[in-house]
Amino acid sequence: MAGDINEGSVPSYYREVHQAICSRTDERVPISVFLRVLSRTSLSITVQNQITEHVNNSDGFLSKVSLYKGLALIALAQQGKPPSPKLLENFIQEFPKPQLGEPKELQSLKMQSVQESPLILSVTLAELLKKDTVKVDLIPEKKGLFLKHVEYQVTSERFTVSVYRRYSDFDVFHELLLQRYAYRAVPALPPKRALKGVLTSMSEREFIEGRRRALGRFLNLVARHPVFSEDELVKTFLTFSGSDVQPKLRDACKKLGDEFMTCKYATQAKDYLPANIQSQFSSSRELIRNIHNSFQKLRDRAERMAERSKENATDLLMFGKELSSLGSDESPVPVLASCKSPWAALRHSVKGLSVEFSLLSERAAQQGRREEDDVVEKLNLFLDLLQSYRDLCERHEKGVLHEHQRALQKYSVMKRQMLSATVQPKEQVSVEQLESRIVQQENAIQVMELRNYFSLFCLHQESQLIFTYLPITSLILGAFVDSQVLGHKDMGEVWQDLHSKLKSLFGDGNGRSSPLSPK
């Protein structure tokens, strides 16, 4: 077909367009510029994609002949014909002129940024993290008539405001987010109360602290989400300072409706989806499941290390206290017949060592807090996101797909009933009612099909979000290594001081005793 198109077989308009958009260094046209030309047409995304597939752009550029081919396909598509290369074979008449405007107007396309498909999330991890940082602090308990109420101070850096929220406010907010964004990865909330038997292994204070951390992770994931972050619901929750925040949230959700009703791409989602979307979804889901399992194991190990650091801090403190207790014993030392015991002087030195062990305990506790705040918490943040994606996949399969299949089954039953009614004469009213129900069911199926495609559209974007967050692995590893380096450095300095002190007190390191003097 390429041989059929040449300088002489195309209108002069083709050559003018080529002159306007070709590269400065050669006659080729960047595929990105050609895509911008396509976006100026009124053609559907599906047709645009078909035209792009038919032109030769393997190296990211179109030759002059390939551009002419693309322009001819655009012109034919604008006439309502399918953009097939077969149409151009043995084309007798002059190739039609595409409706693209004046060639001079196209020159600016070389300078414009590429207009990407709305399916693509063009965002980096750094950009997501900069969107907002939300801090959740526990405020002093308020005692009601019968129960103690836990309240939180929620502070958003983006909105520079602090508001007060109860757990019930979080619960309503989460419920409404799921209603509005049923096709998105909405993070889960921590439980309101400890599960039965949990408080046997942790105190109530530890449970409340763990829940505070989890609420903070939930809000940060929501506030940094490329879609949620721009929603009125999120802004209301983070900024509204009145006492009636729950009715305010419900009113906002009622006005907005669910995302399918408000997203301008909802009914066109099918046009943006790749042909192999189902296989992409399956492979992404399997990979993310494996990533989730691995990160769970990393988190469990990090938690154990942080716990060991805390236990080490306790042991070091108790070790020092025992030394202090040992050195504080003022009981008289008996004089033995064979030798004079040095214990009277030695015990005062032993008592002084408790200072270093107390400092070691403090440094070990700091190490545990660093590991918990900088490593475990970041791992939990990513795990919360991964779990929300897995929950979304289940909602997609058990919700949209299941409802679609049920609707199709119901429609099939109605069609059989209609067929039976035409074979066996029945009352006209019942036949008309059946026809009306079939039309309603057809409309319902059509809406469900649109929702199914939109659900896949959102799933594809949420998959991209997971992979956008994956570089957080380097931040986690960096925080882990930094905490170990700093922890070993701080403790090493104290151990070195303790080593020097012991050397001056008990010997020169070669087995020879040195004079003992109380500190």
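What counts and what doesn't
Residues numbered from 1 in each chain as written. Predicted model: local features only at pLDDT ≥ 70, side-chain atom pairs only at ≥ 80, totals over all residues. Heavy atoms only, no water. Helix = DSSP H or I, 4+ residues; strand = E, 2+ residues; numbered from the N terminus. Buried < 20%, exposed > 50% of the residue type's maximum accessible area, 1.4 Å probe, protein only. Contact = heavy atoms within 4.5 Å. Areas by Shrake-Rupley, 256 points an atom, 1.4 Å probe, with all protein chains shown as cover. Lys, Arg positive; Asp, Glu negative; His and termini not counted. Salt bridge = Lys/Arg side-chain N within 4 Å of Asp/Glu carboxyl O. Axes fitted to C-alpha atoms, helices over the stretch in contact; angles between N-to-C directions. Parallel < 35°, antiparallel > 145°, perpendicular 65-115°, else oblique. Nonpolar A, V, L, I, M, F, W, Y, C, P; charged D, E, K, R; others polar. Core = buried A, V, L, I, M, F, W, Y, C linked by side-chain atoms within 4.5 Å. Phe/Tyr/Trp six-rings, centres within 6.5 Å; stacked < 30°, edge-to-face > 60°. Lys NZ or Arg CZ within 6 Å of the ring centre and 35° of its normal. Disulfide = S-S within 2.5 Å. Patch = residues over 30% accessible without salt bridge, like charges linked within 9 Å, V, L, I, M, F, W, Y side chains within 5 Å. Charge placed at Lys NZ, Arg CZ, Asp CG, Glu CD. pLDDT = per-residue confidence, 0-100. Left-handed = near helix turned anticlockwise from the far one by under 90°. Polar contact = N/O pair within 3.5 Å; in protein donor to acceptor, adjacent residues only side chain to side chain.

On to the overall build of the protein chain, then. Helix and strand counts for the protein chain come out as 17 helices and five strands. Scored against the burial criterion, the 519 residues of the protein chain give a buried share of 39%. The long-range share in the protein chain, meaning contacts at least 24 apart out of those at least 6 apart in sequence, stands at 74%. Approximately 29300 Å² of the protein chain is accessible, and the part contributed by carbon and sulfur atoms is 53%.

We now examine the side chain of arginine 370. In this structure, arginine 370 sits in helix H15 (residues 354–423). For the buried arginine 370, which has no salt bridge, the nearest side chain bearing the opposite charge is aspartate 490, at an N-O separation of 4.4 Å. Every residue in contact with arginine 370, bar those within four places of it in the chain, is listed here: Val375, Ser483, Leu486, Gly487 and Asp490.

Further remarks concern the packing of helix H9 (residues 232–239) against helix H10 (residues 245–256). At a closest axis distance of 9 Å, the pairing of H9 and H10 adopts a crossing angle of 170°. The orientation of H9 with respect to H10, classified from their angle, is roughly antiparallel. Residue-level inspection shows Glu232, Leu233, Thr236 and Phe237 of H9 in contact with H10, the latter providing Lys248, Leu249, Ala252, Cys253 and Leu256. Within the contact of H9 with H10, the residues separate by chemical class into six nonpolar, one polar and two charged.

Attention now moves to the pattern of salt bridges. All chains considered together, the criterion is met by 24 salt bridges. When the shortest N-O distance is used, the salt bridge between arginine 299 and aspartate 300 registers 3.0 Å. Between glutamate 372 and lysine 310 there is a salt bridge, and its shortest N-O distance comes to 2.8 Å. In this pair, glutamate 372 sits in helix H15 while lysine 310 sits in helix H13 (residues 277–328), placing the two residues 62 residues apart along the sequence.

This paragraph deals with the nonpolar core. Phe295, Phe382, Leu386, Phe454, Phe457 and Tyr469 are the most contacted members of the largest nonpolar core, which has 41 residues in total. Residue contributions to this core peak at eleven residues, all from H15. Among the nonpolar cores identified, the runner-up in size contains 33 residues, and Tyr13, Val29, Leu67 and Ala77 belong to it.

Further remarks concern the packing of aromatic side chains. Within this structure, the stated rule accounts for 14 aromatic pairs. Centre to centre, the rings of tyrosine 183 and phenylalanine 454 are 5.8 Å apart; their planes meet at 85°, and the pair counts as edge-to-face. Residue tyrosine 183 is located in the loop between helix H7 (167–180) and helix H8 (204–224), and its partner phenylalanine 454 is located in helix H16 (residues 428–469); the two are separated by 271 residues in the primary sequence. For the pair tyrosine 183 and phenylalanine 454, one class covers both residues: buried. Judged by centre distance (5.6 Å) and plane angle (90°), the rings of tyrosine 265 and tyrosine 272 are edge-to-face. Classification of tyrosine 265 as partly exposed rests on a relative accessible area of 24%. Three or more aromatic residues joined by ring pairs form one cluster here, namely Tyr183, Phe260, Tyr265, Tyr272, Phe454 and Phe457. Here arginine 165 stacks its cationic end above the ring of phenylalanine 237, 5.1 Å away from the centre of that ring.

Let us now look at the state of the cysteines. Each disulfide is one covalent bond, formed between the sulfur atoms of two cysteines. All told, the structure shown has zero disulfides when counted by the stated rule. Cysteine 263 provides the cysteine sulfur closest to cysteine 458, a residue in no disulfide bond, and the two sulfurs are 6.8 Å apart.

Looking now at the environment of leucine 465. Residue position: leucine 465 is located in helix H16. Along the sequence, leucine 465 and leucine 121 sit 344 residues apart, while their C-alpha atoms lie 7.4 Å from each other. Not counting the four nearest positions on each side in its chain, leucine 465 is found in contact with Leu121, Leu128, His225, Pro226 and Leu385.

Take a negative patch on the surface next. Residues Glu206, Glu307, Glu311 and Asp315 make up a contiguous surface patch of negative charge. At three residues, H13 tops the list of elements feeding residues into the negative patch. Checked against the element boundaries, aspartate 315 lands in helix H13. Aspartate 315 sits in the exposed class, given a relative accessible area of 52%.

Moving on, we get to the environment of leucine 273. Relative to the helices and strands, leucine 273 resides in the loop between helix H12 (269–272) and H13. Note on leucine 273: relative accessible area 11%, which makes it buried. C-alpha of leucine 273 to C-alpha of isoleucine 45: the two residues are 228 residues apart in sequence and 9.8 Å apart in space. Apart from the residues lying within four places of it in its own chain, the contact partners of leucine 273 are Leu119, Tyr453, Leu456 and Phe457.

Here the focus is the confidence of the model for the protein chain. Mean pLDDT for the protein chain: 83, with 80% of residues reaching 70 or above. Across the protein chain, element-level confidence peaks in H9 with a mean pLDDT of 96 and bottoms out in helix H14 (residues 343–352) with 76. Every residue in residues 509–519 scores below 50 in pLDDT, and together they form 22 contacts with partners more than four places removed in sequence or on other chains.

Further remarks concern the packing of helix H1 (residues 12–21) against helix H4 (residues 64–78). H4 packs onto H1 with a crossing angle of 120° between their chain directions and a minimal axis gap of 10 Å. The orientation of H1 with respect to H4, classified from their angle, is oblique. Between H1 and H4 lies a crossing whose hand is right-handed. Each of Tyr14, Arg15, Val17, His18 and Ile21 in H1 lies in contact with H4, whose residues at this interface are Lys64, Leu67, Tyr68, Leu71, Ala72 and Ala75.

Phi at threonine 160 is positive, roughly 45°, even though this residue is not glycine. Mapped onto the fold, threonine 160 is located in the loop between strand S4 (148–156) and strand S5 (161–166). Classification of threonine 160 as exposed rests on a relative accessible area of 68%.

So, on to the side chain of glutamine 461. Looking at the secondary structure, you find glutamine 461 in helix H16. Within the local environment of glutamine 461, its side chain forms a polar contact with the backbone oxygen of proline 118, the two atoms lying 2.7 Å apart.

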